[in-house]
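Descriptive structure summary
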Number of protein chains: 2
Amino acid sequence: MTTKKYPKGGEFLVKETKPQDIFIPEEFSEEQIMIKETCRDFLEKEVAPLLDEIDNKKDGLMVELLGKAGELGLLGIAIPEKYEGFGQDMNTSMLSTEIMGTYSSFAVAFAAHAGISTLPILYYGTETQKSKYLPKLASGEYKGAYCLTEPGAGSDASSCKSKVILDKDSKHYILNGQKMWITNAGFADVFTVFAKIDDDKNLSAFIVEKTFNGISLGLEEPKMGIKGSSTCMIFFEDCKIPVENLLGERGDGFRIALNVLNNGRLKLAAAVLGAGKNVITNTITYANERVQFGKSISNFGAIKAKMGQQCIRLFAIESAIYRCSNDIHNNITELMAAGMSKEDALIHAQKEFAAESAILKVASSEALDYVVDEGVQIYGGMGYSSEAPMERAYRDSRINRIFEGTNEINRMLVVDFLMKKAFKNELPLLVASQAVAKELMSIPDFGEIDESLFVRENKLVANFKKAALLVSGAAAQKFMQKLGTEQEILMGISDIIADCYLSDSVLLRVERLIELKGEGNCKEQIAMAEVFIYDAADRIHKNAKDALNSFAEGDELRMMLLGIKRFTKHSGLNSKDKRRLIADKLIEENKHCF
Amino acid sequence: MTTKKYPKGGEFLVKETKPQDIFIPEEFSEEQIMIKETCRDFLEKEVAPLLDEIDNKKDGLMVELLGKAGELGLLGIAIPEKYEGFGQDMNTSMLSTEIMGTYSSFAVAFAAHAGISTLPILYYGTETQKSKYLPKLASGEYKGAYCLTEPGAGSDASSCKSKVILDKDSKHYILNGQKMWITNAGFADVFTVFAKIDDDKNLSAFIVEKTFNGISLGLEEPKMGIKGSSTCMIFFEDCKIPVENLLGERGDGFRIALNVLNNGRLKLAAAVLGAGKNVITNTITYANERVQFGKSISNFGAIKAKMGQQCIRLFAIESAIYRCSNDIHNNITELMAAGMSKEDALIHAQKEFAAESAILKVASSEALDYVVDEGVQIYGGMGYSSEAPMERAYRDSRINRIFEGTNEINRMLVVDFLMKKAFKNELPLLVASQAVAKELMSIPDFGEIDESLFVRENKLVANFKKAALLVSGAAAQKFMQKLGTEQEILMGISDIIADCYLSDSVLLRVERLIELKGEGNCKEQIAMAEVFIYDAADRIHKNAKDALNSFAEGDELRMMLLGIKRFTKHSGLNSKDKRRLIADKLIEENKHCF
Ligand SMILES: Cc1cc2nc3c(=O)[nH]c(=O)nc-3n(C[C@H](O)[C@H](O)[C@H](O)COP(=O)(O)OP(=O)(O)OC[C@H]3O[C@@H](n4cnc5c(N)ncnc54)[C@H](O)[C@@H]3O)c2cc1C
Ligand SMILES: Cc1cc2nc3c(=O)[nH]c(=O)nc-3n(C[C@H](O)[C@H](O)[C@H](O)COP(=O)(O)OP(=O)(O)OC[C@H]3O[C@@H](n4cnc5c(N)ncnc54)[C@H](O)[C@@H]3O)c2cc1C
């Protein structure tokens, strides 16, 4: 065994991380900032002025925009230079995804193309497949689509009915079936299609070109939002696919689909972050401008509380997003140093952090829904009007809790991924939860509360993890293999774990930031961490209590409830004043500024 | 002083009500049910088949539908028979509003017409005005609009700039100004317009006919939802209004506007209830039908939890809506028995319950947003598609938190109304909160917990009110007149009070229901009350804690926090199983059934 240098997936739950060991977005290099600015310039110049045209699906516009992004290299940021990409690392690719996430219809088209459609080929393609497709996908000459979902197979993706048989000539596969909800379908040139060969139990993956025969499209699906993004059914009728277009091995399809989604979820979180920051900027601009009762509505406490909270939620997910991205980056480096190919390292590292990615998919999509909802509310009547930006933001946001795995599925995956790691002895969950159970019996430490900066918060975050271990340990022991049918409990546990990860990350980030900038320059960030953790304590308490009340009894229940109370005990915070502090900074800057 | 027979507004906070003293929707008379069925038949026959046409604003369609509703008498349910209305009481009018609320674009047009546009004339009109306008408004020959909001005057409605001067002939007023966001503007014949005469500080109200000169309309406002409802700016340029069309006294306008909104808010709650029930029916139908992983998704615990919670939230607001409506009804009866005119009695009784109406406006609009949000989520990808009903429901719902006073304004009004009653010695808030403060010093009663039905819940609800009194009393004492600037605290207090009212109402309803039907026939309703109160305890705890932490300190804070803990202490509930019980009933009935 080699000595492990970098954090592994799920370890946040059982280990303490040092601020120096995480990456924070305030540390991006000049080169990374330059790429970010390129993305931003492109968006402001090419996309922002055309939001209505995009959503009205102006003929050829999205294709043109993707083409322009391709020319600037923005479609190939994660593609190796060898295939005419930009060859950038995970963090840079996340940063560009964040910026490209600003305007959602375009963002979804971009992500479907550069993410889930291109990556299967990058990760699993043969050298020939890669040389053939990646340069054209990177340049935007080809547009991509990812075709997994079917009318009868959504969350249960492996139940796809699309079927492939080998042609008599043995040179082609013949594909029959239909795919639904396919982003970019209307104009894509290359489709990654998942279907079963013969009567296989498992899916296989295929690279299908639009020019192959037997492909037809349904009408554009009318949708609540991201109206500029193309979504259609695709019908395959005796579609002939050259055998060399099988992607990966026969039966590998579901694994490919899922591994690509590990990346997709984290990228979704980054895109959502970008969208959210833009919403906050619009919100504060409007709140500063709009006068009622003789003052800007940004002056009202009720409005400050909302704006403060919008920032807190984005700040927390942002902290975790870049921590996770950099942990993956480090893992890749490590795996490659140990001799693994870059592609395999990517797959492995992303899988390693699958739980964190699922947490972030859920947390970010729900944070954005909160941010847009309050955005609408702060705009008042104008929030409901299509002539102001909130109305679109509200509709666009809602998709994120549905695709890339619904949030219910992702919540269950969080627990599932972690439990699997525990079973494989990759994560000492059992030992850790036994230690917590033992601690429950001990006399609590009623030592004086140290009020110096973050002492309380550090203790709390450590305790949050104990709460997570306590509830999940007890539930696992009680239900064993049947835990899967107790979904309500799983959801609760998943939310507790998410709060652990976010609290941990936001705290580490601010500690790191203070090291870099000094405490005096981080007042608002400190406040954000404090409020987030203060509220997280109550959320965890509630989730834990509900879960325990629903399966434990008698003395055992009482003891565990006491434990949870102890682990979420907070000495109190004036969250009103903290939110005002954050809002006041926003008001001053008149834009999102954290 | 006469002996008071019926509950007064705000009393729920300081008095115990008996189940026999409230009205529950299970007690509607046969005649009321018949009217309900008439509304339902009309909707299913005339409106439901045309939802797309309505939202596409098919020329003349909304006018035609309102006309048909008028022919059936549905526009005049609350108008006295003398003016060719149906002369029904408050409860019946609420019930019909609930049903008419099912399809939101139509519902909003209906409510704007039959509610806020017609009522000012009914309540404040002279005999001549009433005879002239009410019959035509009741029959639908005239359509009405309510014109208060202006570009610069939304929440701050009294800051309207629209101005009226007396014409030289002294026979006309001349109106100049513009109104914004006016529902039904596109086709209304009669406008209730609020504007200031000369340099008055206060608004006056006018009945303006479309045929008067100088009225022009802006374009239809493109909106997030309720797209079939007409919303335009209205411009008045030297619009001549006969002097006899002044409504009420000069300077009475703001009072008229506000009193009409007291009714409007409660009606909004009823309409939202109707919309919500329809959403639940669609949700369960879909969840029973949609199969993933080999079973109907309604079988999954995660989905049951959502559906159970959808029902719980609607059940709670429904309990409070009809309790409030009947309390108003009783008040009207009492006032009329004491010699007041029916119209004055209506105004007074509705004002008496202004706090409850504001609570219900907020609680119902937020319940509906929850219900539609989970509806979308349960539909998965189909929830995002305009081809299934959830997408529209989601967009339509969002307006309810904005109009009839934003939810921020209404939250503040709740506290304001109650405090004013206290100052006027109409409500013994001060005495009650002093009693609570005293109780804090006493040794808590650690008696055995009685687990028989609702003993715990009754104690809890009584305690919730103490929590409300504790926090509001302490805040009032601390900030005195400056409490208004501590909006975050006001919002928290308002939410606690709302939870008191809803908990009280849902519990009383189920107790009453058990009296009528027997415990064995109310299993799901019992579960709904239990879960609502269990969760309310935690919400109240959180709201109270946040408020107290933001203004109290030291020993006083510690003592109050202990008090809050005591007042929200719950012995525990398996809310998972309770929600499953509720959901299982839904699954069986395949429609909303409570
Ligand atoms: C705009 C849009 C773009 C899309 N783009 C693509 C694309 O490019 N490529 C692609 O392949 N797909 C795409 N999808 C499909 C998307 O991934 C699916 O909609 C999603 O996976 C959910 O599947 P479903 O819609 O069939 O919902 P269902 O799976 O039917 O889910 C319905 C509800 O049941 C719940 N549920 C399902 N199973 C369980 C369970 N076991 N336990 C608990 N709850 C459960 C879900 O959480 C949800 O609440 C897109 C969808 C949309 C709307
Ligand atoms: C579809 C639609 C239909 C409508 N129909 C009608 C109609 O028929 N007739 C009519 O007269 N009006 C109508 N309205 C107007 C509606 O009543 C107003 O939009 C609403 O009162 C809010 O006013 P506003 O939009 O100006 O928001 P603003 O008052 O500008 O409010 C913006 C934000 O500031 C907050 N805010 C404002 N003041 C304060 C304060 N003092 N403290 C704390 N927060 C504050 C609000 O809560 C909100 O979050 C309609 C509006 C819409 C969108």
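Bear in mind the structure is a predicted one, so any value in this text is a computation, not a measurement.

What counts, and where the lines are drawn
- Residues numbered from 1 in each chain as written.
- Chains lettered and ligands numbered in written order.
- Predicted model: local features only at pLDDT ≥ 70, side-chain atom pairs only at ≥ 80, totals over all residues.
- Heavy atoms only, no water.
- UniProt positions renumbered as here; feature names shortened; annotations may be inferred.
- Helix = DSSP H or I, 4+ residues; strand = E, 2+ residues; numbered from the N terminus.
- Near = heavy atom within 4 Å.
- Polar contact = N/O pair within 3.5 Å; in protein donor to acceptor, adjacent residues only side chain to side chain.
- Areas by Shrake-Rupley, 256 points an atom, 1.4 Å probe, with all protein chains shown as cover.
- Nonpolar A, V, L, I, M, F, W, Y, C, P; charged D, E, K, R; others polar.
- Salt bridge = Lys/Arg side-chain N within 4 Å of Asp/Glu carboxyl O.
- Buried < 20%, exposed > 50% of the residue type's maximum accessible area, 1.4 Å probe, protein only.
- Contact = heavy atoms within 4.5 Å.
- Buried area = accessible area lost by both parts, 1.4 Å probe.
- Least-squares fit on C-alpha atoms with pLDDT ≥ 70 in both.

The positions UniProt marks with the feature "domain: Acyl-CoA dehydrogenase-like C-terminal" (unreviewed entry) are residues 463-566 of chain A. Summarising residues 463-566 of chain A: 85% helix, 0% strand, and an end-to-end C-alpha distance of 8 Å.

The subject of this paragraph is the site of ligand 1. Of all residues adjacent to ligand 1, which total 28 residues, the nearest are Ser 155, Thr 406 and Glu 408 of chain A together with Arg 290 and Gln 377 of chain B. Looking at the residues close to ligand 1, they fall on chains A and B. Contacts to ligand 1 include Leu 148 of chain A, whose backbone N or O atom sits 2.9 Å from an oxygen atom. Thr 406 of chain A is positioned with one of its side-chain polar atoms (N or O) 2.7 Å from an oxygen atom of ligand 1. For ligand 1, whose unbound accessible area comes to 960 Å², protein coverage reaches 95%. For the shell around ligand 1, the elements supplying multiple residues, two or more each, are β3 (172-183) and α13 (407-423) of chain A together with α11 (354-379) of chain B. A class-by-class count of the residues in the shell around ligand 1 yields 15 nonpolar, 10 polar and three charged.

Taken as a whole and assessed by the stated rule, the structure comprises 102 salt bridges over all chains. The salt bridge involving Asp 200 of chain A is made with Arg 250 of chain A; its shortest N-O contact spans 2.9 Å. In this pair, Asp 200 of chain A sits in the loop between β4 (190-197) and β5 (203-209) while Arg 250 of chain A sits in the loop between β8 (246-247) and α8 (253-289), placing the two residues 50 residues apart along the sequence. With its nearest N and O atoms 3.2 Å apart, the salt bridge here joins Glu 457 of chain B to Arg 456 of chain B. Look at Arg 456 of chain B and you get buried, because its relative accessible area is 14%.

Moving on, we get to the interface of chain A and chain B. Between chain A and chain B, the contact holds 68 residues from the first and 69 residues from the second. In total, chain A and chain B occlude about 5,700 Å² of area from one another, counting both sides; carbon and sulfur atoms represent 50% of this. Counting the contacts that link chain A with chain B gives 16 salt bridges. A salt bridge links Lys 542 of chain B to Asp 538 of chain A, with the shortest nitrogen-to-oxygen separation between them at 2.6 Å. Where chain A packs against chain B, one counts 60 residue pairs in polar contact (both at pLDDT 80 or more). The dominant element in the side of chain A that touches chain B, judged by the number of residues it contributes, is helix α17 (residues 523-549) of chain A, at seven residues. Of the residues belonging to the side of chain A that touches chain B, the class tally is 23 nonpolar, 21 polar and 24 charged.

Another aspect to go through is the relation of the copies chain A and chain B. In screw terms, the move from chain A to chain B is a rotation of 180 degrees and a rise of 0.0 Å along the axis, fitting with an RMSD of 0.0 Å. Given the turn and translation reported, the copies of this chain are related as if by a two-fold rotation axis. Residues of chain A ranked by C-alpha distance from the rotation axis are headed by Arg 395 of chain A, positioned 3.9 Å from it. Comparing contact sets, 100% of the residues at the interface of chain A also lie at the interface in chain B, consistent with an isologous, same-surface contact.

So, about the site of ligand 2. Residues in contact with ligand 2 amount to 28 residues; listed here are only the nearest, Arg 290 and Gln 377 of chain A together with Ser 155, Trp 181 and Thr 406 of chain B. Two or more chains meet at ligand 2, and those chains are chains A and B. Here Arg 290 of chain A contributes a side-chain N or O atom positioned 2.6 Å from an oxygen atom of ligand 2. Protein contacts shield 95% of the accessible area of ligand 2, which totals 970 Å² for the unbound molecule. Every element with two or more residues in the shell around ligand 2 is listed here: α11 (354-379) of chain A together with β3 (172-183) and α13 (407-423) of chain B. The class makeup of the residues in the shell around ligand 2 is 15 nonpolar, 10 polar and three charged.

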